[in-house]
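Topology and contacts: notes
This is what each chain is made of:
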Protein chains: 2
Amino acid sequence: MPQLLRVQNFGVSQDGIGAGENQTFERPFGETVEPWELMSWAGATASWPNRTDPGGSRGLDDYFTRDFAHNIGAEIMGRNKFGHQRGPWMDHEWQGWWGDEPPFRTPVFVLTHHLRPSFTLGETTFHFLDATPAEAAEKAKAAADGRDVRIGGGVSTVREFLDADLIDTLHVSVAPVTYGKGLRLWDSPADLEDRFEHEVIPSPSGVTHHLFWRK
Amino acid sequence: MPQLLRVQNFGVSQDGIGAGENQTFERPFGETVEPWELMSWAGATASWPNRTDPGGSRGLDDYFTRDFAHNIGAEIMGRNKFGHQRGPWMDHEWQGWWGDEPPFRTPVFVLTHHLRPSFTLGETTFHFLDATPAEAAEKAKAAADGRDVRIGGGVSTVREFLDADLIDTLHVSVAPVTYGKGLRLWDSPADLEDRFEHEVIPSPSGVTHHLFWRK
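Below is a short write-up of the structure. Please read all numbers here as calculations on a predicted model, not as lab measurements. (Residues numbered from 1 in each chain as written. Chains lettered and ligands numbered in written order. Predicted model: local features only at pLDDT ≥ 70, side-chain atom pairs only at ≥ 80, totals over all residues. Heavy atoms only, no water.)

So, about the relation of the copies chain A and chain B. For the pair chain A and chain B, the best superposition has an RMSD of 0.0 Å and corresponds to a rotation of 180° with a translation of 0.0 Å parallel to the axis. Both chain copies can therefore be described as sitting about a two-fold axis. Measuring from the rotation axis to each C-alpha of chain A, the shortest distance belongs to A:Tyr63, at 3.5 Å. Interface overlap between copies: 100% of the residues of chain A at the interface are likewise at the interface in chain B, consistent with a symmetric, same-surface contact. (Least-squares fit on C-alpha atoms with pLDDT ≥ 70 in both. Contact = heavy atoms within 4.5 Å.)

Buried within helix H1 (residues 35–43) of chain A are the following residues: A:Leu38, A:Met39, A:Trp41, A:Ala42 and A:Gly43. On the buried face of H1(A), the contacting elements are strand E1 (5–13), strand E2 (17–19), helix H2 (60–66), strand E8 (169–175) and strand E11 (208–214) of chain A. (Buried < 20%, exposed > 50% of the residue type's maximum accessible area, 1.4 Å probe, protein only. Helix = DSSP H or I, 4+ residues; strand = E, 2+ residues; numbered from the N terminus.)

Turning to the packing of aromatic side chains, a few remarks are in order. Residues and elements named next belong to chain A. Under the defined criterion, the tally for this structure stands at 30 aromatic pairs over all chains. Taken together, a centroid distance of 6.2 Å and an interplanar angle of 75° make the contact between Phe 82 and Trp 94 edge-to-face. Placement of the pair is Phe 82 in helix H3 (residues 79–82) and Trp 94 in the loop between H3 and strand E4 (107–111), with a sequence separation of 12 residues. Each member of the pair, Phe 82 together with Trp 94, is buried. Between Trp 98 and Phe 104 the ring centres are 4.9 Å apart and the planes differ by 80°, which places this aromatic pair in the edge-to-face class. Since its relative accessible area comes to 22%, Trp 98 is described here as partly exposed. Overall, Phe 104 belongs to the buried group, its relative accessible area being 5%. Here a set of aromatic residues connected by ring pairs shows up, and it is made of Phe 82, Trp 89, Trp 94, Trp 97, Trp 98, Phe 104, Phe 119, Phe 126 and Phe 128. A cation over a ring is seen here: Arg 116 above Trp 89, with NZ or CZ 4.8 Å from the ring centre. (Phe/Tyr/Trp six-rings, centres within 6.5 Å; stacked < 30°, edge-to-face > 60°. Lys NZ or Arg CZ within 6 Å of the ring centre and 35° of its normal.)

What follows is the structure, given as C-alpha cells:
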C-alpha cells in the first residue's frame, strides 16, 4: 500500500475561509471566524473525541469524524496551528492548545523557522522542523510506520502542500456561513479540479463535504 | 464506550432484495441476484480488499468500504452466508467461500442448528453456534475485546436481529437495479423509522446509502 498525504476534516466557510486574521491566545482562529461554526457538524457526532455525553449522531457526518485517525501514522502542522506565539519561542512551558492528551496520538511535525526540543504529551510527540514541504513529508512518512500522513493545517500549510503537489486526498467540509475576510483555502473548490477528482456530498446536517483525490 | 451491533455495507436492490432463492455452490446469492450489481460500488474503491490493480476511487463510497472493519471485534453470520450446504454437515473439508485468508480477521460466529468444530483460517476463527440472536450477541461481544460486533448477514440473519431489536446501527446500500423476487430485507426503508434515525445519502456512483442508528 502506498503511503498517502491526506487532509482530513478541514473546515472552511462558503467563501473558502478557514481562519481569521490576527490570531491570539484568546482567539486561536483569529478575528471573525468562529471555529464552532465550521466544525459543529463533527461535534454533533457520536465519534467526536471530546464528547461529554453519550449521545451523538451516527449518520454521514460520523463517518468523517471517525475516519480522522484511520490509518494515520503521523501529522504535519503549521506553527500557527500549534500555538499563538510568533517569532522566537519566548515560552517553552506552553505546549499547545490540547492539554495533557492531545488528540493526535502519533508523531506530529510542526513546521517552523524557530526550532525547539521535541516533547511528548500523552501519546503524542511533537517535533519541530525547519524544512520544505517535501522534506517534511519524507520525515513524516518515515515516522508513520507504513501508515498515511495527515496534513493538519492551518490554511497556509494546506496551501503550501497543495502548491508543492504533495496532497493525495483532501476532505474539506464547507459550512453554511460566510465570513468575507480571513485566510482563504480557495476561491472555489473547482480550482482543484485540474489535478483532482472531486465529489460534492451534501450532509443532512447542513454542511457540504468536498472530497478530492489525485487523478 | 458501549459495544454496538452494526450492519455494515449490506447491499440490496431498489426493491429491498439482498439474495435470490435456491442458493447453490455455483450461485451463492441464488437465482436472479447478481452480487456484483449490488456491490460494484465497493469494488470500484481504492480500499476494496480484493483489488488487484493500484487504482480505485477515494470519494464517498471509499469511506464506507474502509469503515467495514473499523472498530469491529467479531462478526455474526447466518449459516447460508458461511456456505451452500443445508442440513447436517456432509463435508467438513469445505471451509467457506473465502479461501485461505478470509476478510473478517476476527472471531466469526456462524448461527446453525448443526454444530461442528471451530477452525482457524488465516486471521479468522469460525465458531458454530446454535443460539438465539440475544445469546449470540452476548458471546460475540465477549469475544470482541471491547470492540463492536458486525452482523454480517444474510438477509434472514439481519432480519432476525432487527426483530429482536439488537441492531444499533445499520448501513444498507441500495443499488439501481430491481429483481422482483428473492429474499427481502424490507418493503421500504421507512419501515425502520419508528426505531431508528434515518439518513439517505445518494452517492455519485449511482448507489444510495441508507444510514440508520437507534433513536
